[in-house]
Amino acid sequence: MAWERLPGRGCGALHRCLLGAALLLGLRLCAELRRAGAQPPARSGLPGPAPRPPEPPLPPAPAQRRGVSRRQVTYVRSGRRAPPRGGGSGTQEPGCCSPRGRPRRKGPRWHIDLQPWAGPARSLDEEALRFLRYISTIQIACDHVSTDSLATDSSPSKKPWSVCLDDRFGLAHQIRNKQCRLYSLGLGSDDTHFEVGMANDGCEVHRFDPTVKSAHVLESERFWYHRLSVDWRDSHPAVAAQKPYSNTRKLRTILNEFGHHKIDVLKADLESAEWKVLENLILENVLEQIGQLIFEIHLHWPGFEVSGSDSSVVRFWYSLLKELELQDFRLFHSYKDLSKPQLFLKKDIFNASSCYTLSWVNTRWK
């Protein structure tokens, strides 16, 4: 008898076998994952996006240097680099190198802090009136002005070049002990009465004048001439190499070359370069090495490398003088030269002269 195959029976058995095999495979995978615990499954070989490497930490930002911002020449012309710390290559003269203590060193400044405007209009009249009142107001009384050697029968009662000899400021003591030092900055002036008198009184006098014939001249026992022009910047090295004895130098550079750490009196008649030189003394902290300042200021034009509107120029002048006050310099003598034209920035205002001589004393000087 022939057996007949029941329809659909073979296909159902095959389906059950495949389902059972898949179930066993799933149970095995679950068992493998339980044994592996928290470990992640192996990465498949399928290509995928590469992981991003960790970004390196950012370097710390450098400290912002105070005042490193571009400025117009109206206010500051000084260089952006720090002044040299070491001494220069100048010739050291005998009798010029007796240090009297080293002052503390500070880092250079980069700009002058301008004072607020004198008034809301920011006009020349407002600025000029404030400035002229400031230079005409004595800030500290000095009982003993100048020296006996400067007083002559023909001299006026108020001499333009005056020093304060009160004992509290130390200059009289330095003169008596023959230890005072005077720096005189000039441009070809033949009037050396003040310098000769100070030298006769016992001061070591150094006059810097680019018009003298020799590099260094000992005029008398205590009176030196130097063929140097004191400026607000050092000359270019190439120029200095070609003319080593007739170049311009900053006052700090000269102090380093001569080995001088203190100046009892600094007298300056620079024919309109005084504003930039004074600015350099402030920015490079040279003022703390000076006992008394005697400056002739010129007001008929802005001065070398000072530009801008008339009101901003006067504001700049005023800010420089306020910097002196902030560093404990006090005005003890003001001389208005009536023999000069009465011009203030080429204008006839407030009966101002074009030339004044101002004297300050460092109240912290010892």
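All figures in this text were calculated on a predicted structure; none of them were measured in a lab. (Residues numbered from 1 in each chain as written. Predicted model: local features only at pLDDT ≥ 70, side-chain atom pairs only at ≥ 80, totals over all residues. Heavy atoms only, no water.)

A. Molecular detail of helix 8 (residues 310–326). The end-to-end C-alpha distance of helix 8, which contains 17 residues, comes to 25 Å, matching closely the 24 Å that a straight helix rising 1.5 Å per residue would cover. Counting buried residues along helix 8, 14 of its 17 residues qualify, which places the element largely inside the surrounding structure. Two residues or fewer after helix 8 comes D328, characterised by a positive phi angle close to 70°. (Helix = DSSP H or I, 4+ residues; strand = E, 2+ residues; numbered from the N terminus. Expected span 1.5 Å × (residues − 1). Buried < 20%, exposed > 50% of the residue type's maximum accessible area, 1.4 Å probe, protein only.)

B. Spatial organisation of a nonpolar patch on the surface. A contiguous nonpolar patch, built from L23, L24 and L27 and spanning about 340 Å² of accessible area, is present on the exposed surface. Secondary-structure assignment places L27 in helix 1 (residues 9–36). By relative accessible area, L27 is classed as exposed at 51%. (Patch = residues over 30% accessible without salt bridge, like charges linked within 9 Å, V, L, I, M, F, W, Y side chains within 5 Å. Areas by Shrake-Rupley, 256 points an atom, 1.4 Å probe, with all protein chains shown as cover. Salt bridge = Lys/Arg side-chain N within 4 Å of Asp/Glu carboxyl O.)

C. Focus on the pattern of salt bridges. Evaluation of the coordinates by the stated rule reveals 13 salt bridges. Its salt-bridge partner being K322, residue E325 comes within 3.2 Å of it at the nearest N-O pair. Taken together, the residues E325 and K322, both in helix 8 and 3 residues apart, mark about one turn of the helix. Taken together, the shared-partner salt bridges in this structure form one network comprising E195, R207 and K267.

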